[in-house]
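Descriptive structure summary
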Amino acid sequence: MATDRAGEERTLGRFERLAEQRVHLDGFALEDPELGLVALHSPFDPEPSLVVRDGLVVEMDSKQRDEFDTIDFYIADHGIDLEMAPISMSLSDETIARRILSMDTPRGEVAVLTSGLTPAKLARVVALLRPHELIYCLARMRVRRTPSNQAHVTNLLDDPLLLAADSATAVAYGFRELETTVPVLEDAPSNAVALLIGSQVGRAGAITQCSVEEAMELELGLRGLTTYAETISLYGTEQVFVDGDDTPWSKAFLISAYASRGIKLRVTSGGGAEVLMGAAERCSTLYLESRCVSLARAVGSQGVQNGGIDGVGVVGSIPNGMRSLICENLMVMMRNMESCSGNDTLVSESDIRRTARTMPTFFAGSDFLFSGYGSIPRYDNMFGPSNFNAEDLDDFLVLQRDWGVDGGLRAVEHDEALRVRVRAAQATRAVYEHLGLAHFDDYHVNEVVYASGSKDLSPRDQRLAQVASQRIVEKGITALDVIRALHATGFGVEAGRVLAMVNARLDGDYLQPAAIFDEEMNVLSSLTDPNDDDGPGTGYWPSSDRRAEIAFSPLAGSVQSLQGEQKAATHRLRVINEGPAVTGVDPSEVVIGVSPALARSMWVSSGGHNVADMLREILAGLEEGGSTGRLVRVHRSIDLGVIGLTAAKLSGSGIGIGLQAKGTVLIHQRDLPPLANLELLSMAPLISLEMYRGIGRNAAIRARGGRTIPIRNPYTNEAITARYHATTVAMVAMERMATSDEDPTEFEITGLE
Amino acid sequence: MTVRKWRLEEVVAGDVLWSDIRIGPAQLQRQADTARAAGNGQLAENFERAAELVSVDDVRLLAIYEALRPGRSSARDLELLATELERDAVPMCARLVREASTVYLRRGLLKS
């Protein structure tokens with residue numbers, strides 16, 4: 001604020017406008033290592049070091065063994081390859097960083113080298129990588145070749161039918177993992193069952209989980225009601241770890257417990273959690289996350305969900321924060337573990353900022369680009385809104401198309417979505433009723449099918465999911481009961497698919513890093529589908545089918561569909577008495593030159609005006625200005641300048657008007673070069689009928705030698721070229737098809753009124 | 001090595017109990033061997049611990065997990081647990097429990 005010359009307190013207009021931008025709603029923190037508010041490097045991060053004596057780590061990252069906390073102990077004794085360590089630790093940070101980027105160092109060698117690094121060293125290496133380098137490193141280092149995507153499926157009400165319908169919809173879009181959680185903890189078993197059923201409608205093999213407290217989550221898995229687990233949290237400082245009511249040893253045991261039942265699991269960490277809990281020990285978020293990643297590997301996890309997660313708001317608020325989130329994912333990949341790459345929390349009110357956060361992952365691909373894309377509306381996401389949500393699905397699909405990038409998703413046609421939603425809601429209703437969990441009426445099913453989210457549902461018994469859950473627990477319902485109920489109620493296909501998920505536990509192939517099932521139930525993992533990206537010509541390349549899916553957009557129109565639209569707009573206007581055009585002698589006349597297709601194959605402008613209306617207004621304007629109009633068609637050119645100049649040369653006054661069917665219009669004069677003009681309205685979609693009339697009037701004034709106030713080309717700050725250029729191309733193609741070698745022809749029209 | 005998979009007819013006929021549907025120790029050992037061959041010894045050890053735990057029932061599984069959480073067990077409790085696990089042919093998990101006990105003592109995570 002300042003005081004202007006009149007003595008008033010004022011702010012510059014530009015700054016007032018900037019303050020209204022949504023990015024101003026975000027919070028930004030000053031870097032403060034004392035609080036752990038520092039992303040890539042804190043002055044308090046330890047110097048990397050490793051001393052091994054008789055096979056025992058006696059010093060790690062400048063700490064002596066007797067100073068180790070629980071995390072240090074576990075990493076030192078299990079997490080570092082002591083054979084590789086002397087080599088890895090002797091290389092400079094820059095040397096290692098260059099090897100990650102160098103196509104001459106095979107991907108596998110980078111992983112082996114990384115296995116000998118301490119947490120402090122690994123964090124320093126990835127902090128050297130700049131954003132463009134990080135993108136390539138992600139593409140190169142992720143463990144599975146084929147990228148994939150995970151969806152959040154939740155709703156405010158824990159409505160089982162809606163959860164099932166939304167699960168089936170998510171699978172139709174291509175998500176291969178579905179994650180749910182609960183607003184009410186007691187609802188967890190019901191949500192798990194609804195996802196289990198919905199996920200197998202339409203296509204086979206999507207795996208599901210229900211994120212709740214550790215012991216409850218394990219129980220759901222043990223009953224076969226979920227098929228993977230993710231919310232096994234690790235933290236980078238001992239204080240926070242213990243506050244989370246676990247230790248590295250309890251987690252290691254839990255992880256083995258899941259594996260002993262053939263259930264896939266990954267751990268969760270992510271920068272910023274320690275800062276939020278006020279126990280970051282003055283370290284950078286990246287170093288603490290590096291400890292988590294080393295620990296994840298040490299406890300034998302096949303994969304890690306990180307990249308901010310619950311603490312992403314903290315990391316995002318500090319300098320280099322967003323960049324450090326990508327570093328977190330990369331460290332996981334470098335340790336040869338599955339990366340489930342964050343992007344699961346709305347990081348900004350600014351669309352630019354939130355999109356930018358996701359773009360590196362999007363361009364590079366990941367084992368899972370999102371550790372929860374919000375497949376439901378923002379308000380229904382019980383994890384909190386994701387960085388991309390149901391509202392953004394078409395945007396995401398278009399981004400895939402724009403960049404030829406496989407983000408794991410595909411477009412869903414309306415009727416396919418309808419079909420799977422009906423089937424999922426019906427199957428879930430049938431199972432719940434068959435097992436005596438709950439009763440639903442037809443109206444409920446119908447509402448769910450058409451609902452965008454839970455706010456479209458009528459109020460109902462809010463305890464439905466809770467009661468169903470109690471019964472699931474009391475009756476000891478397992479996946480087998482669900483299979484039998486599906487079969488008994490006529491959903492044999494889905495019964496078979498749920499059984500396939502159960503059977504998948506028996507050999508454990510999907511316990512290996514980054515495993516998903518494709519839609520034919522093949523396991524794609526770091527073993528069966530290893531990433532082999534060593535530069536151009538290697539690594540993932542979408543199949544031709546997949547490329548077609550990525551390129552497809554239901555939003556795209558063709559010349560054929562445009563021809564249909566043009567035909568539908570045919571007016572009762574008729575062209576009559578068409579014959580060779582002559583040069584006029586009447587000094588008050590203005591010739592209107594029209595394009596080859598106008599009123600023949602093209603009837604409506606890109607602004608939505610019928611050619612009859614445009615011609616009527618121009619003729620009326622000419623009359624108002626004291627001129628008469630004569631209509632001439634130019635056959636040889638579709639160029640507006642040539643059309644207008646041809647008209648001007650045929651005109652007794654030397655003034656001509658050029659009009660294209662798409663609506664672009666100008667005034668020309670016979671002695672001007674073709675590309676010059678007197679007045680031009682080039683923004684066809686924005687030209688109003690009043691403006692066509694104004695063009696007629698001004699042409700008449702010029703025909704009498706008068707001076708005009710030119711009609712201003714309409715202006716908009718919208719992305720008008722993006723909106724109309726595809727249509728324009730199709731219109732130009734139609735004009736081109738209508739051209740011929742014929743000389744200009746003169747014609748009259750009837751049926752204008 | 002192929003594993004016998006259950007057919008829908010068997011499940012529907014009621015011949016199958018949920019407790020019949022279990023990954024076996026041999027399969028987990030095979031996954032461990034695969035992981036080790038792929039250079040991931042830690043994942044291999046996880047699978048080997050899991051192979052031991054196949055025969056441990058769900059309730060006991062949850063109880064062991066609970067015993068390892070911070071402040072739940074005394075050194076004596078953990079020693080007792082480790083001895084039981086050794087007795088029941090769960091030696092790797094027993095080692096995990098003993099290792100935890102040593103560190104918990106140093107870091108004040110035992111039940112006081």
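Throughout, a residue's number is its position along its own chain's written sequence, starting from 1. Labels are handed out in written order, letters beginning with A for the chains and numbers beginning with 1 for the ligands. For this predicted model, a pLDDT threshold of at least 70 governs which residues receive local features, and a threshold of 80 or more governs which side-chain atom pairs are given and counted, while totals over whole chains, interfaces and linings are taken from all residues. Side-chain measures were taken over the full set of non-hydrogen atoms in the model, leaving aside hydrogen atoms and water.

Structural notes on the overall build of chain A
- We count a stretch as a helix when DSSP gives it H or I for four or more residues in a row; a strand needs E for two or more, and each element gets its number in order from the N terminus. Along its length, chain A carries 29 helices and 22 strands.
- Dimensions of chain A, computed from C-alpha atoms along their principal axes, come out at roughly 110 × 70 × 60 Å.
- The 753 residues of chain A split such that 61% are buried.
- For chain A, the proportion of contacts with a sequence separation of at least 24, taken over those separated by at least 6, is 75%. Buried residues are those whose accessible area, probed at 1.4 Å on protein chains only, stays under 20% of the maximum for their type, while exposed residues exceed 50% and partly exposed ones sit between those limits. When checking whether two residues touch, look at their non-hydrogen atoms; a contact exists if any pair is within 4.5 Å.

Remarks on the side chain of Thr169 of chain A
- Mapped onto the secondary structure, Thr169 of chain A falls in helix H8 (residues 160-173).
- Dropping the residues within four chain positions of it, Thr169 of chain A is found in contact with Val420 and Arg421 of chain A.

Comments concerning the nonpolar core
- Buried Ala, Val, Leu, Ile, Met, Phe, Trp, Tyr and Cys residues form a nonpolar core when they are joined through side-chain atoms within 4.5 Å. By size, the foremost hydrophobic cluster in this structure holds 94 residues, and its most contacted members are Phe253 and Leu330 of chain A.
- In this structure, Phe253 of chain A is in contact with Leu53, Leu61, Ile64, Tyr65, Leu68, Cys93 and Leu96 of chain B, ignoring residues within four places of it in sequence.
- Counting residues in hydrophobic clusters, the runner-up holds 76 residues, among them Ala170, Phe396, Ala417 and Ile472 of chain A.

Looking at the sheet that holds strand E5 (residues 63-64) of chain A
All names here are of chain A.
- The pairing criterion is simple: DSSP has to find at least two bridges between the two strands. The strand order across the open sheet formed by 3 strands is E3-E4-E5, and the pairing between neighbours is antiparallel. Two strands close off the open sheet at either side, each with one partner strand: strand E3 (50-53) and E5.
- Alignment of strand E4 (residues 56-60) against E5, held across 2 bridges, turns out to be antiparallel. Bridging from a neighbouring strand, Glu59 pairs with Gln64 of E5.
- Across the sheet, helix H2 (residues 70-79) lies against E4 and E5, angled at about 130° from E4, the strand it touches most. With axes taken as lines fitted to C-alpha atoms, and helix axes fitted only over the stretch in contact, angles between N-to-C directions fall between 0 and 180 degrees.

Some words on the interface of chain A and chain B
- At the junction of the two partners, chain A supplies 65 residues and chain B supplies 54 residues.
- In total, about 5,000 Å² of surface goes out of reach between chain A and chain B, with carbon and sulfur atoms giving 62% of it.
- Any Lys or Arg side-chain nitrogen located within 4 Å of an Asp or Glu carboxyl oxygen qualifies as a salt bridge. Our enumeration of links across chain A and chain B arrives at 7 salt bridges.
- Among the ionic pairs, Glu238 of chain A bridges to Arg107 of chain B, the shortest N-O distance being 2.9 Å.
- Contributing elements (two or more residues each) for the side of chain A that touches chain B: H2, helix H10 (214-222), helix H11 (238-243), helix H12 (248-260), helix H14 (285-298), helix H22 (479-488) and helix H23 (492-507) of chain A.
- Ten residues, namely Ala, Val, Leu, Ile, Met, Phe, Trp, Tyr, Cys and Pro, are considered nonpolar, four, namely Asp, Glu, Lys and Arg, are considered charged, and the remaining ones, Gly among them, are considered polar. Classifying every residue of the side of chain A that touches chain B by side-chain character gives 28 nonpolar, 19 polar and 18 charged. Accessible-area loss on putting two parts together, using a 1.4 Å probe and summing over both, is the definition of buried area adopted here.

Observations regarding the domain arrangement of chain A
- Domain limits in this description derive from either an automatic procedure or a database domain assignment. When its domains are assigned, chain A resolves into domain 1 (26-141 + 227-367), domain 2 (145-225 + 370-555) and domain 3 (560-750).
- Using C-alpha coordinates to define each centre, domain 2 of chain A is positioned 55 Å away from domain 3 of chain A.

Concerning the packing of aromatic side chains
- Ring pairs are drawn from Phe, Tyr and Trp, using the six-membered ring of Trp, whenever the two centres fall within 6.5 Å, and their geometry is named by plane angle: stacked under 30 degrees, edge-to-face over 60, tilted for the rest. For the structure shown, the criterion picks out 16 aromatic pairs over all chains.
- Between Trp249 of chain A and Tyr104 of chain B the ring centres are 6.1 Å apart and the planes differ by 85°, which places this aromatic pair in the edge-to-face class. Highlighted residues: Trp249 of chain A in helix H12 and Tyr104 of chain B in helix H6 (residues 91-107), drawn from two different chains.
- Look at Tyr104 of chain B and you get buried, because its relative accessible area is 1%.
- Where Phe370 of chain A meets Phe388 of chain A, the ring centres are 5.5 Å apart and the plane angle is 65°; that geometry is what we call edge-to-face. Here Phe370 of chain A, found in the loop between helix H17 (351-364) and strand E13 (371-374), pairs with Phe388 of chain A, found in the loop between E13 and helix H18 (393-403); they are 18 residues apart in sequence, far enough to count as distant. The pair formed by Phe370 of chain A and Phe388 of chain A is uniform in burial state, with each residue classed as buried.
- The ring of Tyr379 of chain A carries Lys455 of chain A above its face, with NZ or CZ at 4.3 Å from the centroid.
- Cation placement over rings: the criterion is NZ of Lys or CZ of Arg within 6 Å of the ring centroid and within 35° of the ring normal. Sitting over the face of the ring of Trp6 of chain B, Arg4 of chain B holds its NZ or CZ atom 4.4 Å from the ring centroid.

Description of the packing of H10 of chain A against H12 of chain A
All names here are of chain A.
- Running from N to C, H10 and H12 point in directions that differ by 15°, and their axes come no closer than 11 Å. Comparing their axes, H12 and H10 come out roughly parallel. The handedness of the crossing between H10 and H12 is left-handed. From H10, Glu214, Glu217 and Leu218 reach across to H12, where they touch Lys251, Leu254 and Tyr258. Angular relationships are summarised with four words: roughly parallel below 35 degrees, roughly antiparallel beyond 145, roughly perpendicular across 65 to 115, and oblique for the angles in between. Crossing handedness: left-handed means the near helix sits turned counterclockwise from the far one by under a right angle, and right-handed means the same turn made clockwise.

Considering the sheet that holds strand E7 (residues 177-180) of chain A
Residue and element names in this part refer to chain A.
- Spatially, E8-E7-E6-E13 is the arrangement adopted by the 4 strands of the open sheet, whose pairing is parallel. Edge positions in the open sheet fall to strand E8 (207-210) and E13, since each of these has one partner strand only. Strand-to-strand twist in this sheet, taken as the mean axis angle between neighbours without regard to direction, amounts to 35°.
- Here strand E6 (residues 150-152) runs beside E13; their pairing, made up of 3 bridges, is parallel. The residue bridging Gln150 from the neighbouring strand is Ser371, located in E13.

Some remarks on the environment of Trp249 of chain A
- In this structure Trp249 of chain A comes out as buried when scored by relative accessible area, which is 0%.
- For the pair Trp249 of chain A and Ile71 of chain A, spaced 178 residues apart in sequence, the C-alpha separation works out to 9.6 Å.
- Non-local contacts of Trp249 of chain A, meaning those with residues more than four positions away in its chain, are made with Thr70, Phe73 and Tyr74 of chain A together with Leu68, Leu96, Glu99, Ala100, Val103 and Tyr104 of chain B.

Details of the pattern of salt bridges
All names here are of chain A.
- For the structure shown, the criterion picks out 67 salt bridges over all chains.
- Two residues, Arg65 and Asp77, come together in a salt bridge whose shortest N-O distance is 2.9 Å. Taken together, the residues span a long stretch of sequence, with Arg65 in the loop between E5 and H2 and Asp77 in helix H2 at a distance of 12 residues.
- You can call Arg65 buried: its relative accessible area is 18%.

Details of helix H21 (residues 464-474) of chain A
All names here are of chain A.
- Listing the buried residues of H21 in full gives Leu464, Ala465, Gln466, Val467, Ala468, Ser469 and Ile472.
- In this structure, the buried residues of H21 make contact with H8, helix H9 (188-198) and helix H19 (414-434).
- Of the residues trailing H21, Gly476 is marked for its positive phi of about 65°.

Points about the pairing of strand E10 (residues 264-268) of chain A
Residue and element names in this part refer to chain A.
- Here E10 lies mainly inside the structure; 5 of its 5 residues are buried.
- The alternating pattern of E10 places Lys264, Arg266 and Thr268 and Leu265 and Val267 on opposite faces, both of which are buried.
- Pairing of E10 with strand E11 (residues 303-305), which is carried by 2 bridges, proceeds in the parallel orientation. Along E11, the bridge assignment pairs Val267 with Val304.

Things to note about the environment of Arg354 of chain A
All names here are of chain A.
- Topologically, Arg354 is positioned in helix H17.
- In this structure, the C-alpha to C-alpha distance between Arg354 and Val582, residues 228 residues apart in sequence, is 63 Å.
- With residues near it in sequence (within four places) discarded, Arg354 still touches Leu346, Val347, Ser348, Arg378, Asn387, Phe388 and Asp392.
- A polar contact is formed between the side chain of Arg354 and the backbone oxygen of Asn387, at a distance of 2.8 Å. Polar contacts, as counted here, are pairs of nitrogen or oxygen atoms within 3.5 Å of one another; within protein the pair requires one atom able to donate a hydrogen and one able to accept it, and residues that are adjacent in sequence qualify only if both atoms are side-chain atoms.

Looking at the state of the cysteines
All names here are of chain A.
- Criterion for a disulfide: a pair of cysteine sulfur atoms within 2.5 Å. This model, assessed by the stated rule, comprises 0 disulfides over all chains.
- The thiol of Cys137 is not disulfide-bonded; the next cysteine sulfur, from Cys327, is found 9.4 Å away.
- When its relative accessible area of 0% is taken as the criterion, Cys137 is described as buried.

Topic: the packing of helix H4 (residues 93-101) of chain A against helix H7 (residues 131-141) of chain A
All names here are of chain A.
- Following both chains from N to C, one finds H4 and H7 inclined at 65°, their axes separated by 9 Å at the closest point. Residues Arg99, Ile100 and Leu101 of H4 form the contact with H7, whose own contacting residues are Glu133, Tyr136, Cys137, Arg140 and Met141.
- Residues belonging to the contact of H4 with H7 are distributed by class as follows: 5 nonpolar, no polar and 3 charged.

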